[in-house]
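Descriptive structure summary
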Amino acid sequence: MRLSTAAAVVLLAGSTLLSAGLVASSADDTSADRRGGVAIDSPLRDLAKRVDLKIGTAVDHDAFTNDTTYRERIATEFSSITAENVMKWGLVEPVRGQLDFTAADELVAAARRNNQGIRGHTLVWHNQLPMWLTDGVASGAITPAELRTILRQHIIDEVSHFRGKLYQWDVVNEVIDDNANLRDTIWLQNLGPGYIADAFRWAHQADPHVKLYLNDYNVEAGNPKSDAYFRLAQDLLKQGVPVDGFGAQGHLGVQFGFNTAAQVAANLKRFENLGLETSLTEVDVRMVMPSDTVKLQAQAQGYSVLMQGCLLARRCTSFTVWGYTDKYSWVPGFFTGQGAANLLDENFASKPGYQELQAVLALAGRR
Ligand code: XIL
């Protein structure tokens, strides 16, 4: 049989798509393991793309530089990255007045090559500050008025440096404490509560397009702390402060149990109803070591409810995990006796949480 040119082109295109794994072969047409043309064992970024969600990971700059497997998997698996540390103030300005964006620029350049979005993290925080700053404030060498000028300069310098390259910035990080009060930091003590509005205004001046976020932990669902954020967001918006987004970090632990997907969605939605977008920004699910099958299944549930909550909300734009392999994780260093918090194990083998996210994304993309 002779094929028309058009038919031949269609066939060729079809075989290219097939080999790229993008459409089901006829033998697979009724297969339960494919949804809407994307195999459910596809990389997370392919599955997330169909539901218009950026799926990200925090990137450890040292591991990125030294571990090829780690670096390559980031490119195939994720459509967004966050610098785990190298955009933080203490790392970009260890010496006063000497800005060093070398490491951050390397991550940004790689992300752009890989067609990934970049979240900026973070402009105002109480941790990982430069020593010259904390020492100067403690000794009184830096006065409150000077501190305000220094903060303004820091925000303008850093946001300008990355202008046009990032899609979101965590402007203020963890500014409400576990009792739902404004956190008692050098910022609140020296500048008063108005520093939060100022930070957003300065960031907006330096890059009017990047989405500016509030970000914190333990605010995934409704509770006194997320209620305090809701009031803060309302208040900022009422004053015309350019805040665009609410980020829930999502550092969970299997020993604490989880909220339901509906509770997460309801919380994100109330922020969206104020006019904000939302994101899950630092998801990991730690456990008391050693890990076992039941804990790993519980962990998968933790990842799943956050992803489902995000997908059920209307403007949840990105879902970022705080590292993706147990080979490099902040958890064992910060929570004694805990670990195994990531989607892949230390040999880059997928854990139940990874497969759960694939399934949830595939279901969300089902037509
Ligand atoms: C952590 C990093 O993962 C560690 O490598 C670093 O030593 C400390 O900070 N909330 C945040 C992140 O907003 O910036 C923190 O990252 C984890 C908790």
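Now for a description of the structure that goes with this document. Model, not experiment: these values are computed from the prediction.

Points about the packing of aromatic side chains
Summed over all chains, the structure comprises 13 aromatic pairs. For the ring pair Y70 and Y324, a centre distance of 5.3 Å and an interplane angle of 20° mean the geometry is stacked. With a gap of 254 residues between them, Y70 in helix 4 (residues 68-77) and Y324 in the loop between strand 11 (316-321) and helix 14 (331-334) connect regions that are remote in the sequence. Note on Y324: relative accessible area 1%, which makes it buried. On the basis of an interplanar angle of 55° and a centroid distance of 5.7 Å, the ring pair of Y229 and F246 is categorised as tilted. Taken as a pair, Y229 in helix 11 (residues 224-238) and F246 in strand 8 (residues 245-248) lie far apart in primary sequence, 17 residues in all. For the pair shown, Y229 and F246 are each scored as buried. Through a chain of ring-to-ring contacts, three or more aromatic side chains come together here, namely Y70, F78, Y324, Y328 and F348. Lying across the ring of Y213, R119 places its NZ or CZ 5.2 Å from the centre. Against the face of Y217 rests K225, its NZ or CZ located 3.5 Å from the ring centre.

Thoughts on the environment of K295
Summarising the element assignment, K295 is placed in helix 13 (residues 293-312). Look at K295 and you get partly exposed, because its relative accessible area is 22%. As for K295 and A340, which are separated by 45 residues in sequence, their C-alpha atoms are 9.8 Å apart. Non-local contacts of K295, meaning those with residues more than four positions away in its chain, are made with V254, M287, V288, M289 and P290.

Section: the nonpolar core
Ranked by size, the top nonpolar core spans 101 residues in total, and within it L133, W169, W187, L214 and F319 carry the most contacts. The leading source of residues in this core is helix 10 (residues 195-206), at 8 residues. In this structure, L214 is in contact with V172, F200, Y229, L232, A233, L236, V243, G245, F246 and G247, ignoring residues within four places of it in sequence.

Here is what the cut-offs are and how they apply
Residues numbered from 1 in each chain as written. Predicted model: local features only at pLDDT ≥ 70, side-chain atom pairs only at ≥ 80, totals over all residues. Heavy atoms only, no water. Phe/Tyr/Trp six-rings, centres within 6.5 Å; stacked < 30°, edge-to-face > 60°. Helix = DSSP H or I, 4+ residues; strand = E, 2+ residues; numbered from the N terminus. Buried < 20%, exposed > 50% of the residue type's maximum accessible area, 1.4 Å probe, protein only. Lys NZ or Arg CZ within 6 Å of the ring centre and 35° of its normal. Contact = heavy atoms within 4.5 Å. Core = buried A, V, L, I, M, F, W, Y, C linked by side-chain atoms within 4.5 Å.

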